[in-house]
Amino acid sequence: MKYYSLNNNSPKVSFQEAVVKGLAPDKGLYFPEEIRPLEDSFFENIEEYSNNEIAFELIKQFVGDEIPSIILKDIITDVLSFEFPLVEVEKDIYSLELFHGPTMAFKDVGARFMARCLSYFNEDNSNQVTVLVATSGDTGGAVASGFLGVKGVDVVILYPSGKVSDIQEKQLTTLGKNIRALEVDGVFDDCQAMVKKAFLDTSITDYMQLTSANSINIARWLPQMFYYAFAYKQLKDKSKKLVFSVPSGNYGNICAGMMAQKLGIPIDLFIASTNENKVVPTYLKTGKYEPKRSVQTISNAMDVGDPSNFIRIEKLHNNDFEKLKNNLHSYSFTDEETREAMQYLYSNSNYIADPHGAVAYLGVKEYLKTNNAQCIFLETAHPIKFSPVLDATIADKIEIPEQIKTVLNKEKVATQISKYSELKDFLLS
């Protein structure tokens with residue numbers, strides 16, 4: 001499998017090169033040269049396969065022969081060491097819980113998969129790779145955990161000061177070893193802009209190999225396809241129209257869902273549910289794509305004003321606006337509406353959702369006002385991470401999981417920066 005830049009001004013590369021480089025030299029995101037759907041019979045008989053077998057079938061064409069099948073299967077077994085339960089919260093409305101991994105966030109799968117791919121590629125390589133990543137919340141912890149102790153890999157994580165939850169901050173600033181954190185005076189978009197600038201700065205890249213572990217990296221992005229297959233496998237009635245509502249910030253997860261759809265999972269359409277950072281809902285209404293500076297909300301992982309992966313979504317729809325509108329609906333919600341949704345889910349279904357899952361649930365309810373379907377919303381992080389914004393009566397009901405207890409009493413270690421020159425000095429030192 002070859003990958004090309006969506007800016008169409010860089011050479012095609014292998015899977016390994018795309019993973020190691022992260023971003024193409026022309027600033028474009030890598031995209032697979034072809035997408036081959038699986039046999040219909042695979043999805044018709046999906047209950048007969050284990051999660052590991054499903055994941056292998058979905059991902060193998062994108063890895064090709066660059067990782068031997070036996071090694072790739074071992075990687076998948078290691079990555080998928082936890083459950084992905086589908087929970088019915090109302091009739092025909094389900095929550096797909098993606099927070100049962102080591103950092104209790106959906107990004108564990110992609111981060112762990114990418115880390116293990118890089119580890120394999122570095123096995124007989126003395127070159128050091130620096131993973132440079134910006135986070136609006138859960139990416140940092142998942143990347144820190146996934147890459148901790150990986151041979152030949154250093155990790156530098158940028159996060160916006162005061163704009164991630166206390167637990168999220170602990171998860172990315174307390175591990176030590178090959179993990180270092182930079183606390184940025186700004187918003188997520190400032191962190192992401194610094195990272196992108198570093199990738200294009202030859203005074204850095206001539207000196208060291210940088211790669212990204214954001215969902216712009218194909219090894220972080222593509223494994224998220226697994227979620228949609230795991231959910232479909234668990235549905236008891238597969239005859240109904242199927243809609244996924246995805247809490248969306250950088251749009252990597254929902255884009256992976258659309259890849260799963262291309263491979264043959266019978267998904268009718270997607271809902272991109274977001275907070276007051278509503279570039280995409282506005283675009284689908286007006287036809288004008290206008291990135292904005294992000295605003296802070298209680299669903300902080302979606303506080304993104306210029307989503308990187310949307311260009312991949314457009315490519316998956318052949319850059320046809322009408323075709324995209326037929327497959328993607330998008331709604332935005334306020335913090336007040338999000339709080340009301342969390343309270344409603346608890347009071348009426350005895351279900352505790354985090355703010356991101358609550359926003360996705362609101363997207364489902366909005367869609368169902370004028371449509372009939374079986375809907376799955378993605379619950380992307382454990383609610384304990386957001387206990388300060390939950391109603392106190394709900395927060396008190398949550399037991400602290402072991403994954404969280406291990407970081408609570410550790411000391412935060414982070415370097416404060418406010419401008420790109422400080423990031424550059426940090427990397428080169």
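In this text, all values refer to a predicted model and were calculated from it rather than measured experimentally. (Residues numbered from 1 in each chain as written. Predicted model: local features only at pLDDT ≥ 70, side-chain atom pairs only at ≥ 80, totals over all residues. Heavy atoms only, no water.)

## Quick look at the overall build of the chain
Now for step 1: For the chain, the helix and strand inventory stands at 20 helices and 13 strands.
Now for step 2: Computed over the C-alpha atoms, the radius of gyration of the chain is 20 Å, within 12% of the 22 Å expected from 2.2 N^0.38 for a compact globule of 429 residues.
Now for step 3: Seen through its principal axes, the chain has C-alpha atoms that stretch 55 × 50 × 45 Å.
Now for step 4: Taking all 429 residues of the chain together, the buried fraction comes to 59%.
Now for step 5: Only carbon and sulfur atoms are counted for the fraction: they give 45% of the accessible area of the chain, which is about 17,000 Å². (Helix = DSSP H or I, 4+ residues; strand = E, 2+ residues; numbered from the N terminus. Rg over C-alpha atoms; globule rule 2.2 N^0.38 Å. Buried < 20%, exposed > 50% of the residue type's maximum accessible area, 1.4 Å probe, protein only. Areas by Shrake-Rupley, 256 points an atom, 1.4 Å probe, with all protein chains shown as cover.)

## What about the pairing of strand β5 (residues 129-134)?
Now for step 1: For β5, the tally of buried residues reaches six of six residues, placing the bulk of the element in the interior.
Now for step 2: By the alternation rule, side chains of β5 split into V129, V131 and V133 and T130, L132 and A134, which are all buried.
Now for step 3: In terms of strand pairing, β5 meets strand β6 (residues 153-160) through six bridges, oriented parallel. Opposite A134, over in β6, you have L158 as the bridge partner.
Now for step 4: Note: β5 against strand β8 (residues 209-211), three bridges, orientation parallel. Note on β8: the bridge partner recorded for V131 is T211. (Pairing = 2+ DSSP bridges.)

## Structural notes on the pattern of salt bridges
Now for step 1: Under the definition given, this model contains 13 salt bridges.
Now for step 2: Between K412 and E183 there is a salt bridge, with its nearest N and O atoms 3.0 Å apart. With K412 in the loop between α19 (402-408) and β13 (415-417) and E183 in strand β7 (residues 179-184), this pair connects stretches of sequence that are 229 residues apart.
Now for step 3: Taking the relative accessible area as the measure of exposure, K412 reaches 35% and is therefore partly exposed. (Salt bridge = Lys/Arg side-chain N within 4 Å of Asp/Glu carboxyl O.)

## What to know about the packing of aromatic side chains
Now for step 1: Applying the stated criterion to the full structure yields 22 aromatic pairs.
Now for step 2: The rings of F82, F84, F106, F226, Y227 and F230 are connected pair by pair, giving a single aromatic cluster.
Now for step 3: The ring of W221 has R312 lying over it, and the distance from NZ or CZ to the ring centre is 4.2 Å. (Phe/Tyr/Trp six-rings, centres within 6.5 Å; stacked < 30°, edge-to-face > 60°. Lys NZ or Arg CZ within 6 Å of the ring centre and 35° of its normal.)

## With respect to the sheet that holds strand β9 (residues 242-247)
Strand pairing in a sheet relies on backbone hydrogen bonds, with the paired strands running either antiparallel or parallel.
Now for step 1: Read across the open sheet, the six strands follow the order β3-β4-β12-β9-β10-β11; overall the sheet is mixed. Since the sheet does not close on itself, it has two edges, and those belong to β3 (86-90) and β11 (328-332), each with one partner. Neighbouring strand axes in the sheet, compared pairwise and without regard to direction, differ in orientation by 25° on average.
Now for step 2: Here five bridges tie strand β4 (residues 93-97) to strand β12 (residues 374-379), and the two strands are oriented parallel to one another. By the bridge assignment, Y94 is partnered in β12 with I376.
Now for step 3: Contacting β3, β4, β9, β10 (269-274) and β12, helix α11 (residues 225-234) crosses the sheet at an angle of about 135° to β9. (Axes fitted to C-alpha atoms, helices over the stretch in contact; angles between N-to-C directions. Contact = heavy atoms within 4.5 Å.)

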